[in-house]
Amino acid sequence: VTVAGRSVRVFDPRRGTLVGPPLVLPQTPLRLDLARGAAVLAITTGENTDQGFEERIHVIDLASASQRFTSEPLRGPLGEFALDPQGRYALVALAGTREQPAALRMIALAADASVCRQIELGQGASFGALAIADDGGSAWIQANGESRQVQMLRFDLTRCEPLSRLEMRRGGSAVGLVAAGDRVVAHRL
């Protein structure tokens with residue numbers, strides 16, 4: 001896959017040829033994620049509207065080089081963005097405002113996606129790194145509190161409830177999370 005400007009091209013590595021014509025997005029991509037277990041790519045684009053800055057998720061089926069889904073506008077700019085390993089849903093972190101606390105939204109990208117809609121941390125909190133388990137049923141989330149409190153949360157994404165919580169020391173560098181099957185590796189960046 002190549003992304004240049006607003007154009008997305010999908011190549012067949014065995015044949016060394018393009019799969020279908022290039023796809024042209026409505027705006028320049030801001031972020032992307034590739035599903036680990038499916039031929040699916042998700043790309044976000046953003047635009048200024050009367051409502052403020054908004055982003056959309058565009059889902060591309062890599063086997064056919066076709067766009068299969070575009071989300072409704074999401075209040076942006078988005079924070080963290082992660083695609084389910086099977087390409088069924090995306091997790092997006094929405095920044096908190098005076099009216100709304102920070103929230104993690106699950107955006108269904110396929111008909112078989114059965115995940116909860118939203119996880120809220122409370123006023124003054126923010127989301128850090130995200131990692132989705134290989135089966136897509138749970139995710140690890142770094143939650144930053146107001147008083148320099150940092151927690152690593154594991155959420156069940158179908159029942160929308162925490163499975164475990166680990167208090168962490170807040171350091172000066174960001175935390176990165178990498179899913180490894182049913183486990184997660186946390187490291188300082």
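This text follows the structure it describes.
Anyway, here's the lowdown on the structure attached to this text. This one's a predicted model, so the numbers in the text were calculated from it and none came from an experiment.

Let us look at a nonpolar patch on the surface. The grouping of V1, V3 and L32 at the surface amounts to a nonpolar patch, some 240 Å² of accessible area in total. Here L32 is to be found in strand β6 (residues 29-34). Note on L32: relative accessible area 46%, which makes it partly exposed.

This part takes up the layout of surface pockets. What the largest pocket holds in volume is close to 200 Å³. Lining the largest pocket are V1, V10, F11, D12, P13, R14, V19, A39, L62 and A63.

Here we have 4 strands laid out as an open sheet, ordered β11-β12-β13-β14, and antiparallel in their pairing. Both outer strands of the open sheet, β11 (78-83) and β14 (118-120), are each paired with one neighbouring strand and no more. Going across the sheet, the axis of each strand differs from the next one's by a mean of 15°, ignoring polarity. Note: β11 against strand β12 (residues 89-94), 4 bridges, orientation antiparallel. Across the sheet, the residue bridging to L78 is L94, located in β12.

Unoccupied space between atoms shows up once a probe the size of one water molecule is rolled over them. Counted by the stated rule, this structure contains 1 cavity of 30 Å³ or more. If you trace the largest cavity, you find it lined by Q27, T45, G46, E47, E54, E55, R56 and P73. At the level of secondary structure, the elements contributing two or more residues to the lining of the largest cavity comprise β7 (40-49) and β8 (52-61). Taken together, the residues of the lining of the largest cavity break down into 1 nonpolar, 3 polar and 4 charged.

The next point concerns the sheet that holds strand β5 (residues 23-24). Across the sheet, 3 strands lie side by side as β1-β2-β5; this open sheet has antiparallel pairing. Looking along the sheet, the strands with just one partner apiece sit at the ends: β1 (2-4) and β5. Across 3 bridges, the pairing between β1 and strand β2 (residues 7-9) is antiparallel. When the bridges of β2 are listed, A4 appears paired with S7.

Right, let's talk about unusual backbone geometry for a bit. The backbone phi angle of A65 is positive, close to 55°, even though this residue is not glycine. Examined against the element boundaries, A65 turns out to sit in the loop between β8 and β9 (66-70).

Okay, the pairing of β12 next. Across the 6 residues of β12, 6 count as buried, placing the element largely inside the fold. Of the two faces of β12, both are covered, the one formed by Y89, L91 and A93 as well as the one formed by A90, V92 and L94. Between β11 and β12, which follow one another and run antiparallel, lie 5 residues, and G87 among them has a positive phi close to 75°. Direction of pairing for β12 relative to strand β13 (residues 103-108): antiparallel, over a ladder of 6 bridges. Bridging from a neighbouring strand, Y89 pairs with A108 of β13.

Scoring rules and cut-offs
The written sequence of each chain sets the order in which its residues are numbered from 1. Per-residue local features are limited, in this predicted model, to residues with pLDDT of at least 70; the limit for side-chain atom pairs, both in listing and counting, is 80 or more; totals at the level of whole chains, interfaces and linings are taken over all residues. Calculated side-chain values reflect all of the structure's heavy atoms, with hydrogen atoms and water omitted. To count toward a patch, a residue needs a relative accessible area over 30% and no salt bridge; like charges are then connected within 9 Å, while nonpolar side chains (Val, Leu, Ile, Met, Phe, Trp, Tyr) are connected within 5 Å. To be clear on the numbers: accessible area is Shrake-Rupley with a 1.4 Å probe, and residue cover counts the displayed protein chains and nothing else. When a carboxyl oxygen of Asp or Glu is within 4 Å of a side-chain nitrogen of Lys or Arg, the pair counts as a salt bridge. Every helix listed is a DSSP run of H or I at least four residues long, and every strand listed is a run of E at least two residues long, numbered separately from the N terminus. The buried label goes to any residue with under 20% of its type's maximum accessible area, the exposed label to any with over 50%, and the partly exposed label to all in between, with areas taken from a 1.4 Å probe on protein chains only. Every definition here rests on a 1 Å grid over the protein atoms only: cavities are sets of points where a 1.4 Å probe fits but cannot get out, pockets are open sets enclosed by protein on both sides within 12 Å along at least five of seven lines, and lining residues have some atom within 4 Å of a point. Grid points are joined across faces, edges and corners, and a volume is the space filled by probe spheres set on the points. A pair of strands is treated as paired once DSSP finds two or more bridges between them. With axes taken as lines fitted to C-alpha atoms, and helix axes fitted only over the stretch in contact, angles between N-to-C directions fall between 0 and 180 degrees. When residues are sorted by character, Ala, Val, Leu, Ile, Met, Phe, Trp, Tyr, Cys and Pro go into the nonpolar class, Asp, Glu, Lys and Arg into the charged class, and all the rest, Gly among them, into the polar class.

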